[in-house]
Amino acid sequence: MTTSTQYDVFKEVMLSRASVKRYDPNHVMPEAEIDELLTLASSAPSSWNLQHWRYLVISKEEQKQKLMPIAFGQKQIEEASIVVVILGDLESYRTAHQIYGDAVDQGQITRELRDKLVSQIEGAYADKSRSQMDATLNCGLTAMQLMLAAKAMGYDSCPMGGFDPSKLVREFHVPDRYFPVVLVSIGKAAQPARPTPRLSLNELVIKESF
Ligand SMILES: Cc1cc2nc3c(=O)[nH]c(=O)nc-3n(C[C@H](O)[C@H](O)[C@H](O)COP(=O)(O)O)c2cc1C
């Protein structure tokens, strides 16, 4: 049962998150806070718990300057304390043995269930387009958690799809196994986000069937 305080705090975090595009360029995010943020982000759910995300963290000036033209010169890249490139894992089935091995060792599942799940995963991800689709979907979930965690820790953020993925892969030496899904800039706001409208529930919700 959630208390009203818990609900109020969560609602405030959720509703105050908005895409900030100007940050204090002098703010340095301590390593411990980066670790805390990414720990919270990585607690997101994922298909078969395969955790199809990897986080390429850009904080050094030189690396930000490399990323700037790849993200079409968006100012937030150089002003943010960090930019997290969320990479999708195209071969997440490779992690299944480790994850389900740990689950057996920790007494969470039986060996029989592990074998069944691993073979299910290998079957599903033999289809490469399924692998990519799942990785994209699951990266979206961790990105959202990252942005909410940032807000709760006193930071602001902005998701960015405006970048050239092949240039990013080339310049940052991303191995073939991974592909960039979305960038998330995080920092101390120097200017508030522009308010944005939302569609009404009348436009968004279909009850039971079309
Ligand atoms: C997948 C995705 C890609 C986006 N790409 C960019 C981007 O490249 N640059 C940018 O300034 N904002 C980008 N945005 C931010 C959206 O414009 C913003 O989320 C939307 O207008 C709603 O505003 P809000 O985030 O403040 O609620 C992106 C958002 C998402 C979810």
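This one's a predicted model, so the numbers in the text were calculated from it and none came from an experiment.

### Observations regarding the UniProt feature "domain: Nitroreductase" (unreviewed entry) in the protein chain
(1) Moving on: The feature "domain: Nitroreductase" (unreviewed entry), as annotated in UniProt, sits at residues 16–188 in this numbering.
(2) Moving on: Between the first and last C-alpha atoms of residues 16–188 the distance is 14 Å; the span itself is 48% helix and 17% strand.

### Quick word on the site of the ligand
(1) Moving on: The ligand sits among 13 residues. The nearest are Ser19, Lys21, Gln74, Gly161 and Arg198.
(2) Moving on: A distance of 2.8 Å separates a nitrogen atom of the ligand from a polar side-chain atom of Gln74.
(3) Moving on: Across the complex, the protein chains shield 60% of the 620 Å² of accessible surface that the ligand would expose by itself.
(4) Moving on: When grouped by side-chain class, the residues that make up the shell around the ligand number 4 nonpolar, 6 polar and 3 charged.

### Things to note about the pattern of salt bridges
(1) Moving on: Here the structure, examined in full by the defined rule, presents 8 salt bridges.
(2) Moving on: In this structure, Asp156 and Lys151 form a salt bridge, with 2.7 Å as the shortest nitrogen-oxygen distance.
(3) Moving on: By relative accessible area, Asp156 is classed as buried at 12%.
(4) Moving on: Three or more residues joined by partner-sharing salt bridges are found here, namely Arg54, Asp89 and Arg177.

### Focus on unusual backbone geometry
(1) Moving on: With a phi angle near 55°, Trp48 is a residue other than glycine that sits in the positive phi range.
(2) Moving on: Positive phi, close to 55°, is recorded for His173, a residue that is not glycine.
(3) Moving on: Position of His173 among the secondary structure elements: in the loop between α8 (165–171) and β4 (178–187).
(4) Moving on: On the accessibility criterion, His173 (66% relative accessible area) is exposed.

### Concerning helix α3 (residues 61–70)
(1) Moving on: The complete set of buried residues in α3 reads Lys64, Leu67, Met68 and Ile70. Across the axial projection of α3, the buried residues extend over an arc of 160°, all falling on one side. Away from its buried face, by an angle of more than 90 degrees, α3 presents the exposed residues Glu62 and Pro69.
(2) Moving on: Structurally, α3 contributes buried residues whose contacts are with β1 (53–58), α4 (75–79), β2 (82–89), α8 and β4.

### Here's the deal with the sheet that holds β4
(1) Moving on: Strand order in the open sheet formed by 4 strands is β1-β2-β4-β3, and the pairing between neighbours is antiparallel. With partners counted over all chains shown, the strands left at the sheet margins are β1 and β3 (156–160), one partner each. Taking the axes of each pair of neighbouring strands and ignoring which way they run, one obtains an average angle of 25° across the sheet.
(2) Moving on: Where β1 lies against β2, 6 bridges are found, and the strand directions are antiparallel.

The rules we used
- Residues numbered from 1 in each chain as written.
- Predicted model: local features only at pLDDT ≥ 70, side-chain atom pairs only at ≥ 80, totals over all residues.
- Heavy atoms only, no water.
- UniProt positions renumbered as here; feature names shortened; annotations may be inferred.
- Helix = DSSP H or I, 4+ residues; strand = E, 2+ residues; numbered from the N terminus.
- Near = heavy atom within 4 Å.
- Polar contact = N/O pair within 3.5 Å; in protein donor to acceptor, adjacent residues only side chain to side chain.
- Areas by Shrake-Rupley, 256 points an atom, 1.4 Å probe, with all protein chains shown as cover.
- Nonpolar A, V, L, I, M, F, W, Y, C, P; charged D, E, K, R; others polar.
- Salt bridge = Lys/Arg side-chain N within 4 Å of Asp/Glu carboxyl O.
- Buried < 20%, exposed > 50% of the residue type's maximum accessible area, 1.4 Å probe, protein only.
- Arc of directions from axis to C-beta.
- Contact = heavy atoms within 4.5 Å.
- Pairing = 2+ DSSP bridges.
- Axes fitted to C-alpha atoms, helices over the stretch in contact; angles between N-to-C directions.

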